Every structure is written in C-alpha cells, then in structure tokens.
Amino acid sequence: MTSQDETATTLTNPVHLTPEQVEDPVRGYADLRTRDELPHVVLPGLHTPVRLVTRYADVKAALTEPRLIRDRTRIPGPPAEASDAQDELMEAASAGLPAEYVKYFAGHLALFDGDEHARRRAPLTRAFTARRIAALRDFVERTADALIAEADASGGGTDLLGEFAYPLATQVICELIGVDERDRDQVCSWMRDFAFGDGSRAGEALVALVEHTRELIARRRAEPTGDLISALLQGARDDEDPLTEDDLIGIVFLLINTGITPPALFLAHAALALLDHPEQAARLHADPALLPRAVPELLRYVSIVRVGATLYATEDFDFAGTALRRGEAVTVALLAADHDPGEFGAEAEHLEISREFGRGDGHVAFGHGAHYCIGAALGRLITTVVLDRLFVRRATLRLAVTRPALEFAHWPGDGFHLLRLPVHL
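Note that the coordinates shown come from a computational prediction; the quantities given were computed from them, not determined experimentally.

**Student:** Looking at this structure, how should I read the overall build of the protein chain?
**Tutor:** Each helix and strand in the protein chain was counted, giving 20 helices and 13 strands. By the compact-globule yardstick of 22 Å for 425 residues, the protein chain fits well, its C-alpha radius of gyration being 22 Å. By its C-alpha atoms, the protein chain is 65 × 55 × 40 Å across when sized along the principal axes. Classification of the 425 residues of the protein chain by burial places 50% in the buried group. On the protein chain, roughly 19100 Å² of surface is accessible, and the fraction owed to carbon and sulfur atoms is 52%.

In structure tokens form, the structure reads like this:
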C-alpha cells in the first residue's frame, strides 16, 4: 500500500494523460496498471482529476460495485459544489445547443442508478428483443451491399467512415425506430448533422429531430406498426406508468447517440486494425469460420469507448487497494482493461482473430453489469455483416492514402478517433 505522504502527493499532482496515452493500451497504461493504488489522473482536454481503474478485474468490479454510483446528487450528505469531469463532458457535448432541448440527450441511461435506472431501462430492454435484432439482419445486409455497390460503381474508392459506416449505422437506427420511408433521407441527414460533422448544424438538427420524433410518436399512437416506437408505446406493464412523450424522445436520442457514432467509429477502426495486421485479414479471408471469433476479438482490441462514465463513492471504503472518500470520482479505462496482461496473458496487446474467450463476452467493450450496452447484439450483428462483406468475401481492401496520412481528431476525455478512412475496395 502507498504511504499517506505518497497519497497526498498523488492527489495534488495527478497524472495528466494525453490523447496518445488514452488510446495506447501498450505504453499508455503500463505504469498505471501496475500501481498499488488507483492512480489520480486528469483525462485529456479536461481539468478535474479522477481515480482511474485500469485492470480488467477491477474494472468489472467497479461496474458492479453498489457503492460506486453515476448520479452524484444521490451521494448521502452535503451536495458537491464544484464541477467535475462528468460536468465538463456534458458542457462540451451541449455547447451551442438550444437549452430547452438539451434535456433529451442529457438524461442518458448511463447517468442513472438503481431503481431509477431499472425503471428507465426496462421498457427498452423488453422492446429490444433478440427477435427484433435478428429481423434487422436482412436490412443490414441489403444496406451494406448497396453502399458497397455504390462505391464500386464510382471506381472502388470510398471513405469507409463517412461514406459507409456512418450511413449504414444511421440507416439501421432509422429502420429500428421506424422512420417512414418518405422521411428517411431527411431524418438521416439530421442525424448526421447532429451526431457527426463539424457541429455547425447540430442545434438545428437537434430541434428538427425532436419535432419529427413528436410527429412519429403521434402517428404510432394512432396506427402502431412493428417498429421500436410502437413496441415502447404498447409495452408498459400493469404496474408501470406508461412512457411519456419526453421519455420516448429521450430513448430516441439514446439510440442516436449510442447507435450511430460509436458503431461507425468502431467499424472504421476495426477495418484499420485488420489493414494494420494483413496476416490476420488474410486468415479471416481464407477461413470464414473464424468470423465468430474475430468479432469479439476486434471489439476487445479496438474498445472504441476508451473511458467509461464517471462513478462516485457513496461512502468511505477501500476499493482496488485504494481508500476512496465519499464523493470521490472514479472512472474505468475500458481499453486498458481489454489489454490487461493479467487477464489476457502475454498476447494481450496482439490482435488474434482466433482468440478463444471464456464465458460471456470475454471483454468489457460493451461495459458490464446493470449498464451493459442494450445494443450489444445489434452491434455484433452489424460487425459480422461488415466483416463478411469487406474481408471474407473480398481480399482487396486497402488504404487509399499512406498510413501516416490518416487524419485523427481528439475528443475531450478520450483518445484520438479517425476523421475519415479513405480506402479502395
């Protein structure tokens, strides 16, 4: 254990992480992972220190620890006055957006706990059935094939992020929600402006999406179909209050925020990982039976959400060798956990598409515990289809620029993400 003097020094001199460290599981976390205490760090682009959990077992424990909660207003005792990393991230996400509309994406499921989280999540969980996800396979395949055919017709060059992954993810969310065909192009455009791009039209897109969702809800109340909105309208149990219009709009924005940009970025980064490891891409092409193993391995290897939501200690207690204090902020490094040699052995840092996992996912790319990603099955489905189309059925995908010429951007609290991925199919 660390001495009191060392602890005081750690708290007053936190490690200021760079975007390069956050996205680099080999060098970025090696020292932090071996410390006796959870390191005190400042995430890139932020100002408030948090305790960072980096070891796989500790991350899973943190995500199921009832004394670590997400809504800091529920911490017993006097309320916290100072802003923290979560506040900083929310302020960055909502900057420049109409204040009266921010509530629709600020009430994210990831920020609730216990009974309130269960109440908000239950209707969505019941509506997000395995049958509903399986029924989307044909749509995902047709959409992916159409996007690939469009790229082939233009000479085979495309931006795999902006011209393939984003349109695919957006179309899937529109299909899932039940956006009418006549409105699809316009709604997808609004979603793209809100979830992707330079942010200049994000406010207008937010307002347009909220108002369109109101109209869609009214249509489905009058004439239900087989889409998710209809299922949510009809799915309340006898002992539950029916979802309000605001609840439903919030769910739509949950799907937009979590179902477009993260999956699109993952698909692009997963493709880049295979391009960076041509021997693995060649194995997948030669042996399609490896696809069910390649999907979870790429989810582990990429872990596109590098750092999870902020957690707060509800009381003083010891966790992962650290004496946490009431109200202290903790966050989990999902990418670091998914590259922990203590869990994955000496080959933790290598991409190995034939890797065998034990029970469960074998990784924490989708989180763990009560906040496990609702869309995990959909994410696996889309990934399977895309890898099949791009790497199993083809062996010609290659970068259209040199590797050093690829463009990345930094997000507050996270590492670098691709801005575009120019390729030849």
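**Student:** How should I be thinking about the packing of aromatic side chains in this particular structure?
**Tutor:** The final tally for this structure, using the stated rule, is four aromatic pairs. Ring geometry for Tyr56 against Phe344: centres 5.4 Å apart, planes inclined by 80 degrees, an arrangement best described as edge-to-face. Here Phe344 lies in helix 19 (residues 341-344) and Tyr56 lies in helix 4 (residues 56-62), a separation of 288 residues in the sequence. Exposure remark for Tyr56: the relative accessible area of 5% places this residue in the buried category.

**Student:** Teacher, can you tell me more about the pattern of salt bridges here?
**Tutor:** Opposite charge on two side chains permits pairing when their charged atoms draw close. Under the definition given, this model contains 35 salt bridges. Between Asp138 and Arg142 there is a salt bridge, with the nearest N and O atoms lying 2.9 Å from each other. With Asp138 and Arg142 both in helix 9 (residues 137-153), this residue pair falls four residues apart, about one helical turn. Classification of Asp138 as partly exposed rests on a relative accessible area of 44%. Classification of Arg142 as partly exposed rests on a relative accessible area of 48%.

**Student:** It is not clear to me how the sheet that holds strand 9 (residues 329-332) should be interpreted in this structure. Could you clarify?
**Tutor:** Sheet strands line up and pair through hydrogen bonds in the backbone, either parallel or antiparallel. The strand order 1-2-3-9-6-4 describes an open sheet built from six strands, whose pairing is mixed. Sheet topology places strand 1 (15-16) and strand 4 (68-69) at the edges, where each strand pairs with a single neighbour. Here two bridges tie strand 6 (residues 311-313) to strand 9, and the two strands are oriented antiparallel to one another. By the bridge assignment, Leu311 is partnered in strand 9 with Val330.

**Student:** Help me understand the pairing of strand 9, please; the structure alone is not making it clear to me.
**Tutor:** For a regular strand, the rule is simple: side chains alternate between the two faces of the sheet. The two faces of strand 9 match: Ala329 and Thr331 on one face and Val330 and Val332 on the other face are all buried. In this sheet, strand 9 lies alongside strand 3 (residues 50-53) in parallel orientation, the contact comprising three bridges. Directly across from Arg51, in strand 9, lies its bridge partner Val330.

**Student:** Mind showing me how you'd approach the packing of helix 11 (residues 184-195) against helix 12 (residues 202-222) here?
**Tutor:** Helix-helix packing is described using two parameters, namely the angle between the two axes and the distance between the axes. The geometry of helix 11 relative to helix 12 is characterised by a closest axis approach of 8 Å and an angle of 135 degrees between their N-to-C directions. On the basis of the axis angle, helix 11 is oblique to helix 12. Judged by the twist between their axes, the crossing of helix 11 over helix 12 is left-handed. Contacts from Val187, Trp190, Met191, Asp193 and Phe194 in helix 11 reach Ala202, Ala205, Leu206, Ala208, Leu209 and His212 in helix 12. The class makeup of the residues in the contact of helix 11 with helix 12 is nine nonpolar, one polar and one charged.

**Student:** Whenever I open this one, the nonpolar core confuses me. Can you help?
**Tutor:** Soluble, globular proteins show a tendency: their nonpolar side chains are buried together. Counting residues in hydrophobic clusters, the biggest one holds 96 residues, and the most contacted among them are Leu168 and Phe253. The leading source of residues in this core is helix 10 (residues 160-177), at 12 residues. For Phe253, the contacting residues outside a window of four places in its chain are Tyr104, Phe105, Phe194, Leu206, Leu209 and Val210. In this structure, Leu38, Ala62, Ala320 and Phe344 belong to the second largest nonpolar core, which totals 20 residues.

**Student:** Mind showing me how you'd approach the packing of helix 10 against helix 11 here?
**Tutor:** Across the interface, helix 10 lies against helix 11 with an axial gap of 10 Å and an inter-helix angle of 120 degrees. By the angle class used here, helix 10 and helix 11 are oblique. The way helix 10 lies across helix 11 gives a crossing that is right-handed. Here helix 10 contributes Gly162, Tyr166, Pro167, Thr170, Gln171, Ile173, Cys174, Glu175 and Ile177 to the contact with helix 11, which in turn contributes Arg184, Val187, Cys188, Met191, Arg192 and Ala195.

**Student:** Sorry if this is basic, but what is going on with the sheet that holds strand 5 (residues 157-159) here?
**Tutor:** Strand order in the open sheet formed by three strands is 5-13-10, and the pairing between neighbours is antiparallel. Only two strands of the sheet have a single neighbouring strand rather than two, namely strand 5 and strand 10 (398-399). Sheet analysis places strand 5 next to strand 13 (residues 422-424), joined by three bridges and oriented antiparallel. Opposite Gly157, over in strand 13, you have His424 as the bridge partner. Helix 10 contacts strand 5 and strand 13 of the sheet and is inclined by roughly 70 degrees relative to strand 5.

**Student:** Sorry if this is basic, but what is going on with helix 5 (residues 85-94) here?
**Tutor:** Residues spaced three or four apart along an α-helix point in a common direction, a consequence of the helix completing one turn every 3.6 residues. Of the residues making up helix 5, those classed as buried are Ala85, Gln86, Glu88 and Ser94. Immediately downstream of helix 5, the backbone of Gly96 shows phi near 80 degrees, a positive value.

Parameters and conventions
Residues numbered from 1 in each chain as written. Predicted model: local features only at pLDDT ≥ 70, side-chain atom pairs only at ≥ 80, totals over all residues. Heavy atoms only, no water. Helix = DSSP H or I, 4+ residues; strand = E, 2+ residues; numbered from the N terminus. Rg over C-alpha atoms; globule rule 2.2 N^0.38 Å. Buried < 20%, exposed > 50% of the residue type's maximum accessible area, 1.4 Å probe, protein only. Areas by Shrake-Rupley, 256 points an atom, 1.4 Å probe, with all protein chains shown as cover. Phe/Tyr/Trp six-rings, centres within 6.5 Å; stacked < 30°, edge-to-face > 60°. Salt bridge = Lys/Arg side-chain N within 4 Å of Asp/Glu carboxyl O. Pairing = 2+ DSSP bridges. Axes fitted to C-alpha atoms, helices over the stretch in contact; angles between N-to-C directions. Parallel < 35°, antiparallel > 145°, perpendicular 65-115°, else oblique. Left-handed = near helix turned anticlockwise from the far one by under 90°. Contact = heavy atoms within 4.5 Å. Nonpolar A, V, L, I, M, F, W, Y, C, P; charged D, E, K, R; others polar. Core = buried A, V, L, I, M, F, W, Y, C linked by side-chain atoms within 4.5 Å.

In short, geometric facts, not functional conclusions.
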